[in-house]
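# Structural description and commentary
The residues making up each chain are set out below.
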Amino acid sequence: MDPHSERREDYRARHSLNLHRNRAFAAPTAALKPGNKFARFVGVVMTLVVCFGLAWAAHMYFTGHSAIDGNSGSNSATSALIASKRPISVLILGVDQGIEGRHDQGNSDTLILATANPDKNTATMTSIPRDTLVNVLGDPGNKYFMYRVNSAYEVGGSKASVKTVSSLLNVPVNYYVEVNMKALRSLVSAVGGVDVDVPFDFSYDWATFHKGKQHLDGRHAVAYVRMRKEDPRGDYGRQMRQRQVIQAVAKKAMSVDTISNYRKLVKIFNKYIKTNLTFNDMFALTMNYRDCSKNLKSGYIQGHDAWINGASIQVAPTDELQKISDRVRTNLELNKETLNNEETRQNELNEKYNHIKWKDPDAFTNYQIYDQNSDTPTGGSGMGSGSSDTGTNSGSPNSSSNSKEKGWNIFK
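Here we summarise the structure given alongside this text. (Residues numbered from 1 in each chain as written. Predicted model: local features only at pLDDT ≥ 70, side-chain atom pairs only at ≥ 80, totals over all residues. Heavy atoms only, no water.)

Attention now moves to the pattern of salt bridges. Taken as a whole and assessed by the stated rule, the structure comprises nine salt bridges. R148 serves as the salt-bridge partner of D131, at 3.5 Å between the closest nitrogen and oxygen. On the criterion of sequence distance, the pair formed by D131 in the loop between strand 3 (122-127) and strand 4 (133-135) and R148 in strand 5 (residues 143-148) is long-range, its members being 17 residues apart. On the accessibility criterion, R148 (15% relative accessible area) is buried. E337 is paired through a salt bridge with R329; the nearest N and O atoms lie 3.5 Å apart. With relative accessibility at 39%, the residue E337 sits in the partly exposed group. Given a relative accessible area of 7%, R329 falls into the buried group. (Salt bridge = Lys/Arg side-chain N within 4 Å of Asp/Glu carboxyl O. Helix = DSSP H or I, 4+ residues; strand = E, 2+ residues; numbered from the N terminus. Buried < 20%, exposed > 50% of the residue type's maximum accessible area, 1.4 Å probe, protein only.)

In C-alpha cells:
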C-alpha cells in the first residue's frame, strides 16, 4: 500500500518545472538578466530541495516495498486478480501472541472476511465469532476436528484459517492479513489516533470510555477492542468495536501524508503483520479499490449458544450461514450455491435426532458432534477428532494422547 501516490504526482509536476529551470541555468550568461542573483540562488535551492525530496521518497518507497514483500514471502508482482481489477476477498486475522504474557502460537480471536468489488464500488466486512463451531481444516495430519473457528490458527496458522473459513461459507478466500494484536497500539499511534462512536459507557484496563464520539490513542484502542464481558452483546459487541477500529485505522493509513508517519507504519508492518499480498498488490488496492469502502455492508455470523462437553460454543444455523454465503458470493460476482458442508450436515443431524429448535432462546445442551461420514455421535468428548481418511474417532480433542501428538491443549 503506497500512501504517497498524490505526493508523487506533485513531485512529477515540480520535476517538470525544474526541467524548465534547468534550461535557464544552462543558458549563456549574457542571456540572463543582471542583478538577479538572488532569484537564481532561490532557484538552485528549490531544485536541491525537490531533488532531495525525490530521493527521500524513493528511499521510503523501496523501504516499504522491501518490508512488505519480505513479510509476504513472495515477489513484488501484482496478483492477477488485483491487476485485472476483479472482486477479491481478504481474511483479516487478529492473533494474540504477546498479549497478556502469551508466547505460543495462540488463537485468532479476531476473524473478519472482507470483500471488495471495484466495478460496483461495494465492499462487505463479515465478523466470524471466535467460538463458532466449524470443521477445522488444514491440520498437517489431516484430522477430522470439529471445534471453535479460532482454533484453526493454532492448528495450522493462517493457511488453516483460510481453508476453514472458505469451507464454512463456500467462498474463495484470495488473501489473508495476519495482525499481531501487539501491533494495534502502535498502528493507531502511528496514524495519530482514531475516532470511534462508543456505543455505551464502560471502563476496561484502566481506560474509560463514554458513549458518543471519542478519539482513541493506541493504548485506549487496544482496551476498546478487547473488552467483552461488560458488553451486553458479548463477543458480538466486541466484534462491532473491532470493525470500527480496523476501518478507522485503514482510512487513516491511506491518508498518511508525512514521511515520519510513513516510516512508523513500515516499521510496524515489518514487525507485526504477515500477509500474502505483495507491495504492488497493496499499491494497486489503494489506487483502484479505495472507493469500495464508500458502500460497505458490515455484519457478522449470528450463532446460537451451546454447551458441548462443558465447552461454550456458538453454533451457526444453516439459514444464517447460507445468508452470509449468498452476500459474500454476490459481491464476488459468483452465483449463489446451496451450502453443503460439514457444518450444515451436523445441523441437519442434530435437527433430526436431537430435535434442535433454533428459536429456543436457551443454550443447547443436547447438540452433539457426529463422526465424519456417519450418523453416529463421536465418543467421549462429543468433539470430532478422528482421521479424515477413516472417519473413526481417535479420542477427545483434549485427551492426553491427542494433546501430545498435536503439541497443544485445545481446551483453554
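Moving on, we come to helix 5 (residues 182-190). Side chains that are three or four residues apart share a direction in an α-helix, a result of its 3.6 residues per turn. For helix 5, the full list of buried residues reads A183, L184, L187, V188 and A190. Along the axis of helix 5, the buried positions cluster into a sector of 160°, meaning they face one direction only. Two residues or fewer after helix 5 comes G192, characterised by a positive phi angle close to 85°. (Arc of directions from axis to C-beta.)

Okay, helix 10 (residues 318-331) next. A rise of 1.5 Å per residue sets the reference length of helix 10, with its 14 residues, at 20 Å; its end C-alpha atoms lie 20 Å apart and thus fit the reference within 8%. Within helix 10, burial applies to E320, L321, Q322, I324, S325, D326, V328, R329 and N331. Once helix 10 ends, the next one or two residues include E333, with phi positive near 60°. (Expected span 1.5 Å × (residues − 1).)

It is worth spelling out the side chain of D231 at this point. Structurally, the position occupied by D231 is in the loop between helix 6 (218-226) and helix 7 (235-254). For D231, a relative accessible area of 6% translates into the label buried. Reaching out from D231, the side chain makes a polar contact with the backbone nitrogen of R233 at a distance of 2.8 Å. A polar contact of 3.0 Å, which involves the side chain of D231, links it to the side chain of R241. (Polar contact = N/O pair within 3.5 Å; in protein donor to acceptor, adjacent residues only side chain to side chain.)

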